[in-house]
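Notes for the structure review
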Amino acid sequence: LNMKPGKKRFQVAFVGRLYYQKRPVIVAEAFRALSIWAKRNNVVLAGKIVGEGPFLDTVRELLRRYGIACQIELLPANSPVSDILRQSDILLLPSNNEVLALVCYEAVEQGCIPISTNVGSQAEIIPPDLLVPLEPHACVRGIVRAVNRLWHDADFLSCQREALVSSWSAIMNEPTARDILMPVYQDAAASLQE
């Protein structure tokens, strides 16, 4: 993992479209709360928000109003996500709904810990202690609580890492759609040639 307990420089990322579904206002609120947490713990917080959409100006204004615009970089959707995740400790996913957030899988591959709302299929890869409530205030508090525990408790961090790697590995070992469907298509094509 990129994150180490007690580290003094902490990088947080958000990757997603800046539309209502991804709740970019909650992302800004989470960064505000994490900034307060960082100051209390003598940690330098930096962040990257990767994405575009109708909420971009709102997010920009909120970050400015909260006095954290210089800490949080706003990046276009075509930014190198793998590199950003490789440099980040935490990935925020406070979505209103998700089917399957592929960025979670990429985050785990890059050593970045995803913290997500407990929606859709997120529980398939994210352990229960890193899933936060959907309600906005509880979501922000849950994010800060999870970060604080990961930062303070090496055993907790290690358990979350093991759970993430175990889920990721199990999913990656599942047969792909190609593995399942190709024999069906080949049988269909062979029966047409007969």
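Structure's up top.
Overview of the structure.

1. Thoughts on unusual backbone geometry
In this structure, R23 is a non-glycine residue whose phi angle is positive, near 55°. Within the secondary structure, R23 is located in the loop between β1 (9-15) and α1 (24-40).

2. Some details on α1
The end-to-end C-alpha distance of α1, which contains 17 residues, comes to 24 Å, matching closely the 24 Å that a straight helix rising 1.5 Å per residue would cover. Contacts from the buried residues of α1 go to β1, β2 (44-50), α2 (56-65), β3 (72-75), β4 (90-93) and α5 (136-152).

3. Brief notes about the sheet that holds β1
Pairing in this open sheet of 6 strands is parallel, and the strands run β3-β2-β1-β4-β5-β6 from one edge to the other. Taken across any chain shown, the strands that pair with only one partner, and hence form the sheet edges, are β3 and β6 (131-132). Sheet topology note: the β1/β4 ladder contains 3 bridges and is parallel. For A13, the partnering residue across the bridge sits in β4 and is L91. Where α1 meets the sheet, its contacts fall on β1, β2, β3 and β4, and the angle it forms with β2 comes to roughly 170°. Strand contacts of helix α4 (residues 102-109): β1, β4 and β5 (113-117), with the helix running at about 170° to β4, the strand carrying the most contacts.

4. Looking at the packing of aromatic side chains
Tallied over the full model, the rule gives 2 aromatic pairs. A ring pair is formed by W37 and W151, whose centres lie 5.4 Å apart and whose planes are at 85°; its orientation type is edge-to-face. You can see W37 sitting in helix α1 and its partner W151 sitting in helix α5, a full 114 residues away along the chain. Grouping aromatic residues by their ring pairs yields a cluster made of F10, W37 and W151. For the cation-ring pair, R32 lies above Y66, with the distance from its terminal atom to the ring centre recorded as 4.2 Å.

5. Focus: the side chain of S95
Examined against the element boundaries, S95 turns out to sit in the loop between β4 and α4. When near neighbours in sequence (up to four residues on either side) are disregarded, S95 contacts Q21, K22, R23, T117, V119 and L134.

6. A few points about α2
Owing to its 3.6 residues per turn, the α-helix aligns residues three or four sequence positions apart on the same side. Within the sequence span of α2, burial applies to V59, L62 and L63. Taken around the axis of α2, the buried residues stretch over an arc of 100°, which confines them to a single face. Residues of α2 that are exposed and point over 90 degrees away from its buried face: D57 and R65. Tucked inside the fold, the buried residues of α2 contact α1, β2 and β3. Following α2 by one or two positions, G67 adopts a phi angle in the positive range, close to 75°.

7. Things to note about the pairing of β5
Counted residue by residue, β5 has 5 buried out of 5 residues, so it is predominantly covered. Between the parallel elements β4 and β5, the chain passes through α4 in a crossover that is right-handed. Taken together, the 2 bridges between β5 and β6 define a ladder with parallel strand orientation. Bridge pairing in β6 links T117 to V132.

8. What about the state of the cysteines?
By the definition in use, this model includes 0 disulfides. With no disulfide of its own, C104 lies 9.5 Å from the sulfur of C112, the closest cysteine sulfur. Residue classification places C104 among the buried residues on the basis of a relative accessible area of 0%. Exposure remark for C112: the relative accessible area of 1% places this residue in the buried category.

9. Details of the pattern of salt bridges
For the coordinates displayed, the defined rule picks out 6 salt bridges. The salt bridge involving E98 is made with K22; its shortest N-O contact spans 2.7 Å. In this pair, E98 sits in the loop between β4 and α4 while K22 sits in the loop between β1 and α1, placing the two residues 76 residues apart along the sequence. Among the residues examined, E98 registers a relative accessible area of 10% and is labelled buried. Given the relative accessible area of 13%, K22 is considered buried. As a salt-bridge pair, E61 and R64 come within 2.4 Å of each other at their nearest N and O atoms.

Rules of the game
Residues numbered from 1 in each chain as written. Predicted model: local features only at pLDDT ≥ 70, side-chain atom pairs only at ≥ 80, totals over all residues. Heavy atoms only, no water. Helix = DSSP H or I, 4+ residues; strand = E, 2+ residues; numbered from the N terminus. Expected span 1.5 Å × (residues − 1). Contact = heavy atoms within 4.5 Å. Pairing = 2+ DSSP bridges. Axes fitted to C-alpha atoms, helices over the stretch in contact; angles between N-to-C directions. Phe/Tyr/Trp six-rings, centres within 6.5 Å; stacked < 30°, edge-to-face > 60°. Lys NZ or Arg CZ within 6 Å of the ring centre and 35° of its normal. Buried < 20%, exposed > 50% of the residue type's maximum accessible area, 1.4 Å probe, protein only. Arc of directions from axis to C-beta. Right-handed = clockwise from strand over helix to strand, strands pointing away. Disulfide = S-S within 2.5 Å. Salt bridge = Lys/Arg side-chain N within 4 Å of Asp/Glu carboxyl O.

Any functional reading would require information beyond the geometric quantities listed.
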